[in-house]
Amino acid sequence: MSKTGKVLNLKDKIDGNEVDLSLCNLTEVPVKELALYPKATVVDLSCNNIPFLPPEFCNLTHLTKVDLSKNQLTCLPDDLGNLVNLQHLDLYNNKLSVLPVSFAQLRSLKWLDLKDNPLEVGLAKAAGDCLDEKQCKQCATKVLQHMRVIQEEVDQAREKQLLRQRELERKKEAKQKEKEAKRKEARKREKAEEKEKRRQEYMAQMAAQALQEQQQKKKEEKEKKKKNGQTPAVKKATVKPAPKAQRSLLSLVFKLLLLLLLGLVGTAVACRFTDLQRAATCVPINSAVDDCFSWAQNQEVVVRQFIQNMSSAAKEFLESTQVSKN
């Protein structure tokens with residue numbers, strides 16, 4: 001459909017594999033209608049007022065020859081390289097200054113006319129003149145070479161940009177990880193400090209509780225002793241040592257008396273019943289023993305009382321010894 005609202009009847013414009021839409025006063029390309037005739041591989045759109053090609057035009061991959069000369073084209077779609085079967089392209093007398101980078105992908109292109117376009121210097125030099133068939137073929141070859149160089153530069157720039165972007169993302173990720181690690185470390189440190197603080201508070205609380213219990217216990221003991229009329233610990237320290245010292249003294253005296261008695265008895269026995277009875281030292285002892293027996297016979301009552309006293313003393317001595325051991 002043209003801008004004037006007239007519906008194009010392509011059947012009337014088709015002749016074999018060619019579609020002639022020249023001089024139709026078109027301001028836009030009837031892409032949908034052309035897509036319905038995939039066998040129409042040659043399209044003539046010259047001598048119209050078309051300012052641009054819609055992106056959908058790049059889907060007409062069956063096209064092999066397109067004439068867009070004498071229009072108002074200021075640019076071509078970025079995906080023009082999708083027209084992989086395109087061999088002949090006429091862009092004479094338009095307003096193009098540059099070509100899309102994908103133009104380098106038109107590997108089937110054999111003929112190109114870019115005359116009377118305000119091309120940028122490098123592209124104009126590569127295009128040259130297109131006054132005959134040979135020059136137009138050279139134009140296609142050189143422009144494709146030029147655009148491939150541009151495509152490589154663009155690809156390199158894009159690759160560098162991608163690498164820079166990846167590097168920035170890597171640095172950003174590393175920075176984020178470092179920031180996250182610091183945040184985790186800070187949280188860990190805060191938790192440790194909080195735990196230590198709670199532990200100290202707990203220890204202080206337990207110490208205060210223990211001190212309070214100790215003070216309460218002392219207070220209860222003091223009140224209990226005060227209630228019973230007892231004095232604390234002083235009485236024990238002043239009263240008990242005297243009986244203990246007295247028992248120790250008596251124990252020592254009885255031990256000495258017992259040793260002395262045993263010594264005397266042993267000496268008397270030795271002098272009385274052994275070969276020493278005739279010794280000079282044993283004569284007075286035996287004499288004294290005889291006198292003692294004689295006296296004892298006379299003083300039987302006294303001797304019995306003495307023996308009884310000695311037995312009582314020995315018994316008391318043994319009891320006191322046993323108590324001191326316990």
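Structure: see above.
The present account deals with the structure reproduced in this document. (Residues numbered from 1 in each chain as written. Predicted model: local features only at pLDDT ≥ 70, side-chain atom pairs only at ≥ 80, totals over all residues. Heavy atoms only, no water.)

**Some details on the overall build of the chain**
Of the regular secondary structure elements, the chain holds 8 helices and 6 strands. Going through the 326 residues of the chain one by one, you find that 24% of them count as buried. Put simply, of all contacts in the chain between residues at least 6 apart along the chain, 37% involve residues at least 24 apart. Only carbon and sulfur atoms are counted for the fraction: they give 56% of the accessible area of the chain, which is about 24000 Å². (Helix = DSSP H or I, 4+ residues; strand = E, 2+ residues; numbered from the N terminus. Buried < 20%, exposed > 50% of the residue type's maximum accessible area, 1.4 Å probe, protein only. Contact = heavy atoms within 4.5 Å. Areas by Shrake-Rupley, 256 points an atom, 1.4 Å probe, with all protein chains shown as cover.)

**Quick word on helix α4 (residues 133-228)**
When the terminal C-alpha atoms of α4 are compared, their 138 Å separation across 96 residues agrees well with the 142 Å that a helix rising 1.5 Å per residue should span. Taken residue by residue, α4 has C136, C139, A140, V143, L144, M147 and Q151 as its buried positions. Close packing links the buried residues of α4 with β6 (111-113) and α3 (121-127). For α4, the N-terminal cap is D132; the gap from its side-chain oxygen to the backbone nitrogen of K134 is 3.3 Å. (Expected span 1.5 Å × (residues − 1). Polar contact = N/O pair within 3.5 Å; in protein donor to acceptor, adjacent residues only side chain to side chain.)

**Let's talk about the side chain of D67**
Here D67 shows up in strand β4 (residues 65-67). Although D67 is buried, it forms no salt bridge, and the closest oppositely charged side chain is K65 at an N-O distance of 6.8 Å. A polar contact of 2.8 Å, which involves the side chain of D67, links it to the side chain of S69. In contact with D67, not counting residues within four places along its chain, are V43, D44, L45, S46 and D90. (Lys, Arg positive; Asp, Glu negative; His and termini not counted. Salt bridge = Lys/Arg side-chain N within 4 Å of Asp/Glu carboxyl O.)

**Some words on the nonpolar core**
F57, L91, F103, L109, L112 and V143 are the most contacted members of the largest nonpolar core, which has 41 residues in total. Mapped by element, the contributors of at least two residues to this core are α2 (31-35), α3 and α4. A total of 5 residues in this core trace back to one element, the largest contributor, which is α4. Setting aside anything within four residues of it in sequence, one finds F103 in contact with L80, L89, L109, L112, V143, L144 and M147. (Core = buried A, V, L, I, M, F, W, Y, C linked by side-chain atoms within 4.5 Å.)

**Remarks on the sheet that holds β4**
Taking strand neighbours across the sheet as the criterion, the 6 strands line up as β1-β2-β3-β4-β5-β6 in an open arrangement whose pairing is mixed. Bordering the open sheet on either side are β1 (14-15) and β6, each of which pairs with just one other strand. For strand β5 (residues 88-90) and β6, the ladder comprises 3 bridges, and the chain directions are parallel. The residue of β6 that forms the bridge with L89 is L112. (Pairing = 2+ DSSP bridges.)

**Section: the state of the cysteines**
Inspection of every chain in the model, using the stated rule, returns 1 disulfide. The disulfide partner of C130 is C136, and the gap between their sulfur atoms is 1.5 Å. With the S-S dihedral at roughly 110°, the linkage between C130 and C136 falls on the right-handed side. A single burial state applies to C130 and to C136, both of which are buried. Free of any disulfide, C139 has its nearest neighbouring cysteine sulfur in C130, separated by 5.7 Å. Classification of C139 by relative accessible area gives buried; the value is 1%. (Disulfide = S-S within 2.5 Å.)

Scope: geometric values only; no functional claims are made or implied.
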